[in-house]
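Close look at the chain arrangement
So you can see what is in the structure, the chains are spelled out below.
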Amino acid sequence: MSIPLVYHASYSKLALPSTHRFPTSKYQLLQQYLLNNQIAKPSDFHSPEMIQVEVLKQVHQDKYVDDFIDNKLDLKVMRRIGFPWSEALLNRTLHAVSGTSLCANLAIEHGVSLHLSGGYHHAHYDFGSGFCIFNDLIVAASGMISNGKATKVLIIDCDVHQGDGTATLSSQFDNIISCSFHCLKNFPSRKPHSDHDIEFDKGIDDHHFLHSLEQVVPYLINIHQPDLILYDAGVDIHRDDDLGYLNISTAGILARDKFIFKTAKQANIPIAAVIGGGYSRNEAELSHRHSQLFIAANSIW
């Protein structure tokens, strides 16, 4: 089958200083990498519309949403997010958050869908953090529940950083279950409780990481019985990532993604995946790491 993919050109249209550590070009480069290596076809891509403000306000504080859109956030608040405000940032943000919701809808329809952005798990109710402004995972999950397309959503977050915003926001929803696999001694310094937190010491290798995943994920599916999985497939767990402290190889990332997809498919649960974090000055290598998610999906479906 042809797996539906979600992408918008605004994702990489963000002018940042050359010294900025956020790899804004990676989204466009990843799309080109997938096309050049025949991992995806142009017809696989779906383009999101901008998210509606009212949808954001179902998850986030009204004032925070309005102030971001109108460029009225305090400079300290923007500094915590990590980006200077711009029209390009606004455009990118509203499309990217919408993209994860589109991805979730496509997953319900096709069984699987992948988003070439997303995973803004550091965004909280009334503030953003760590390059995250609005929490696309919670927005998508709550939207799927409110429109009757899902009754319980399991968020599996395998980014190297704990999904602290997802943890705090999901606690407000009975039917959104948060699970975070992350490095203990890494950002954020204060880690609120997810429904399930699996914490790794620095330097953990493929074997130990995959063993934990194989023990926990089937257990979570068994006890929670979700009818949709949102999967944050961050590649900042990679041993050469600029912001990660784990020792996971590219082969380990592929094995992780294959296991998640295989487990979801065997349980007949639709799964929507976002690419999450990944930080490297080596753009070609970063595209290669993120492409493992798409290779894994193609090998299972």
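Scroll up to find the structure this text is about.
In what follows, the accompanying structure is described. Treat the numbers as computed from the prediction; the structure is a model and nothing was measured.

As a further point, take the overall build of the chain. If you tally the helices and strands in the chain, you get 10 helices and eight strands. Whereas a compact globule of 301 residues would reach a radius of gyration of roughly 19 Å, the chain reaches 17 Å, a difference of no more than 12%. A principal-axis box enclosing the C-alpha atoms of the chain has dimensions of 45 × 40 × 40 Å. For the chain, the residues scored as buried account for 59% of the 301 residues in total. Long-range contacts, defined here as pairs at least 24 residues apart, represent 73% of the contacts in the chain between residues at least 6 apart.

Evaluated as defined, the whole model comprises five salt bridges. For the salt bridge of Lys57 with Asp66, the shortest nitrogen-to-oxygen distance reads 2.9 Å. A salt bridge links Arg289 to Glu285; the shortest N-O distance between them is 3.2 Å. Taken together, the residues Arg289 and Glu285, both in helix H10 (residues 283-300) and four residues apart, mark about one turn of the helix. Residue Arg289 is classed as buried on the basis of its relative accessible area, which comes to 2%.

This part is about helix H1 (residues 26-36). Here H1 has its buried residues at Lys26, Tyr27, Leu30, Gln31 and Leu34. An end-on view of H1 places all buried positions within 135° of arc, on one side of the element. Once H1 ends, the next one or two residues include Gln38, with phi positive near 55°.

Let's shift gears to the nonpolar core. Counting residues in each nonpolar core, the largest one holds 101 residues, and the members touching the most others are Leu114, Phe181, Leu230, Tyr231, Phe261 and Phe294. If sequence neighbours within four positions are ignored, Leu230 has contacts with Ala104, Leu137, Ala140, Ala141, Val153, Leu154, Ile155, Ile156 and Ala272.

By the alternation rule, side chains of strand S8 (residues 271-274) split into Ile271 and Ala273 and Ala272 and Val274, which are all buried. Note: strand S3 (residues 112-115) against S8, four bridges, orientation parallel. Looking at S8, one finds that His115 is bridged to Val274. Note: strand S7 (residues 228-232) against S8, four bridges, orientation parallel. Along S8, the bridge assignment pairs Leu230 with Ala272. Crossover S7 to S8 through helix H9 (residues 250-266) is right-handed.

The subject of this paragraph is the packing of aromatic side chains. Scanning all chains against the criterion turns up 13 aromatic pairs. Measuring from centroid to centroid gives 6.4 Å for Tyr7 and Phe45, while their planes differ by 75°, and the two rings are edge-to-face. You can see Tyr7 sitting in the loop between strand S1 (5-6) and H1 and its partner Phe45 sitting in strand S2 (residues 45-46), a full 38 residues away along the chain. The exposure classification of Tyr7 matches that of Phe45, with both residues buried. Taken together, a centroid distance of 5.5 Å and an interplanar angle of 80° make the contact between Phe261 and Trp301 edge-to-face. Of this pair, Phe261 sits in helix H9 while Trp301 sits in the segment after H10, and the two are 40 residues apart along the sequence. For Phe261, a relative accessible area of 0% puts it in the buried group. The exposure class of Trp301 is buried, given its relative accessible area of 17%.

Next up on the list: the side chain of Thr93. By the element assignment, Thr93 lies in helix H5 (residues 87-110). For Thr93, a relative accessible area of 6% gives the class buried. Only 2.7 Å separates the side chain of Thr93 from the backbone oxygen of Leu89, close enough to count as a polar contact. Sequence-distant contacts of Thr93, defined by excluding residues within four places in its chain, comprise Phe68, Ile133 and Phe134.

With that out of the way, let us pick up the packing of H9 against H10. Between two packed helices, both the angle of their axes relative to each other and the distance between the axes serve to describe the pair. Where H9 meets H10, the closest approach of the two axes is 8 Å, and the angle between their N-to-C directions is 30°. By the criterion of interaxial angle, the relationship of H9 to H10 is roughly parallel. In the packing of H9 onto H10, the handedness of the crossing is right-handed. For the pair H9 and H10, contact is made by Thr250, Ile253, Leu254, Asp257, Lys258, Phe261, Lys262 and Lys265 and by Glu285, His288, Arg289, Gln292, Leu293, Ile295, Ala296, Ala297, Ser299 and Ile300, respectively. Grouping the constituent residues of the contact of H9 with H10 by class yields eight nonpolar, four polar and six charged.

About the criteria used
- Residues numbered from 1 in each chain as written.
- Predicted model: local features only at pLDDT ≥ 70, side-chain atom pairs only at ≥ 80, totals over all residues.
- Heavy atoms only, no water.
- Helix = DSSP H or I, 4+ residues; strand = E, 2+ residues; numbered from the N terminus.
- Rg over C-alpha atoms; globule rule 2.2 N^0.38 Å.
- Buried < 20%, exposed > 50% of the residue type's maximum accessible area, 1.4 Å probe, protein only.
- Contact = heavy atoms within 4.5 Å.
- Salt bridge = Lys/Arg side-chain N within 4 Å of Asp/Glu carboxyl O.
- Arc of directions from axis to C-beta.
- Core = buried A, V, L, I, M, F, W, Y, C linked by side-chain atoms within 4.5 Å.
- Pairing = 2+ DSSP bridges.
- Right-handed = clockwise from strand over helix to strand, strands pointing away.
- Phe/Tyr/Trp six-rings, centres within 6.5 Å; stacked < 30°, edge-to-face > 60°.
- Polar contact = N/O pair within 3.5 Å; in protein donor to acceptor, adjacent residues only side chain to side chain.
- Axes fitted to C-alpha atoms, helices over the stretch in contact; angles between N-to-C directions.
- Parallel < 35°, antiparallel > 145°, perpendicular 65-115°, else oblique.
- Left-handed = near helix turned anticlockwise from the far one by under 90°.
- Nonpolar A, V, L, I, M, F, W, Y, C, P; charged D, E, K, R; others polar.

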